[in-house]
Amino acid sequence: MAELNYQTLIREVPNFPKPGILFYDITTLLKNAAAMRSLTDDLVARYHGQRIGKVVGIESRGFIFAGILASRLGAGFVPVRKPGKLPADCFEVKYSLEYGSNTLAIHRDAISIGERVLIVDDLLATGGTAEATVGLVRQLGGEIVGLDFLVELKGLNGRAKLAGYQVHSTILYP
């Protein structure tokens, strides 16, 4: 099979969710069966043999790839969600966004001390969400193997907030 150019499968939507924003819509990639299979195979090959115990997916599009990766790597899947969405005892972290703040939560029993963890999300932009998730995983004692993103907006320099960690992004935009 010819190698797929994943970036050509992402729809660019101008002025969404507000004027001046260019939104990268991954649903056009997700609906393409060959692209999903190829992308999943690429990600599994990248992390195969790294003894990952848990794959953490960040709400909500991070759940898509984290769940697939967890299954294919023989690891558990852990969701990081908005507050009030997880039913058991949680740790929460509040973090700053470009305009305001947000909060993320993880179950207190989701990760064991020393467990090898891969963090997955669809997008790395300013890095605030990923940095907050790193904090939650570290609070539980997890060993972060790396962070993986489908898309990275390099111009927003989110990778700088993840210094010291292995970061991989499949598609890079300036």
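For the structure, see preceding data.
Quick summary incoming for the structure in this document.

What counts as what
Residues numbered from 1 in each chain as written. Predicted model: local features only at pLDDT ≥ 70, side-chain atom pairs only at ≥ 80, totals over all residues. Heavy atoms only, no water. Axes fitted to C-alpha atoms, helices over the stretch in contact; angles between N-to-C directions. Helix = DSSP H or I, 4+ residues; strand = E, 2+ residues; numbered from the N terminus. Parallel < 35°, antiparallel > 145°, perpendicular 65-115°, else oblique. Left-handed = near helix turned anticlockwise from the far one by under 90°. Contact = heavy atoms within 4.5 Å. Phe/Tyr/Trp six-rings, centres within 6.5 Å; stacked < 30°, edge-to-face > 60°. Buried < 20%, exposed > 50% of the residue type's maximum accessible area, 1.4 Å probe, protein only. Lys NZ or Arg CZ within 6 Å of the ring centre and 35° of its normal. Pairing = 2+ DSSP bridges. 1 Å grid on protein atoms, 1.4 Å probe; cavity = no way out; pocket = protein on both sides within 12 Å on 5 of 7 lines; lining within 4 Å. Points joined across faces, edges and corners; volume = space filled by probe spheres on them. Nonpolar A, V, L, I, M, F, W, Y, C, P; charged D, E, K, R; others polar.

Moving on, we get to the packing of helix α2 (residues 33-47) against helix α3 (residues 62-73). At a minimum axis separation of 10 Å, α2 and α3 run at an interaxial angle of 55°. Between α2 and α3, the interaxial angle falls into the category oblique. Once α2 is placed against α3, the crossing between them reads as right-handed. Between α2 and α3, the residues in contact are Met36, Leu39, Thr40, Asp41, Leu43, Val44 and Tyr47 and Ile64, Phe65, Ile68, Leu69, Arg72 and Leu73, respectively.

Within this structure, the stated rule accounts for three aromatic pairs. Measuring from centroid to centroid gives 5.2 Å for Phe16 and Phe23, while their planes differ by 80°, and the two rings are edge-to-face. When the ring of Phe63 is compared with that of Phe77, the centres are 5.7 Å apart and the planes differ by 85°; the resulting orientation is edge-to-face. One end of the pair, Phe63, is in helix α3; the other, Phe77, is in strand β4 (residues 76-80), and 14 residues separate them in sequence. Its relative accessible area of 34% is what places Phe77 among the partly exposed residues. Here Arg108 stacks its cationic end above the ring of Phe91, 3.9 Å away from the centre of that ring.

With that settled, consider the sheet that holds strand β3 (residues 54-58). Strand order across the open sheet formed by five strands is β4-β3-β7-β8-β9, with parallel pairing between neighbours. Edge positions in the open sheet fall to β4 and β9 (167-173), since each of these has one partner strand only. The sheet shows a mean angle of 15° between the axes of neighbouring strands, direction not considered. As judged from the six bridges shared by strand β8 (residues 143-153) and β9, these two strands associate in the parallel manner. Across the sheet, residue Phe149 finds its bridge partner in β9, namely Ser169.

Let's shift gears to the layout of surface pockets. The computed volume of the largest pocket comes to approximately 1,300 Å³. Around the largest pocket, the lining comprises 35 residues; the ones closest to its centre are Arg61, Leu97, Leu123, Ala125 and Thr126. Among the elements of the structure, β2 (22-25), β5 (90-97), β6 (100-107), β7 (116-124), α4 (128-139) and β8 are those that each provide at least two residues to the lining of the largest pocket. In terms of residue count, the dominant contributor to the lining of the largest pocket is β7 (four residues). By residue class, the composition of the lining of the largest pocket is 20 nonpolar, eight polar and seven charged.

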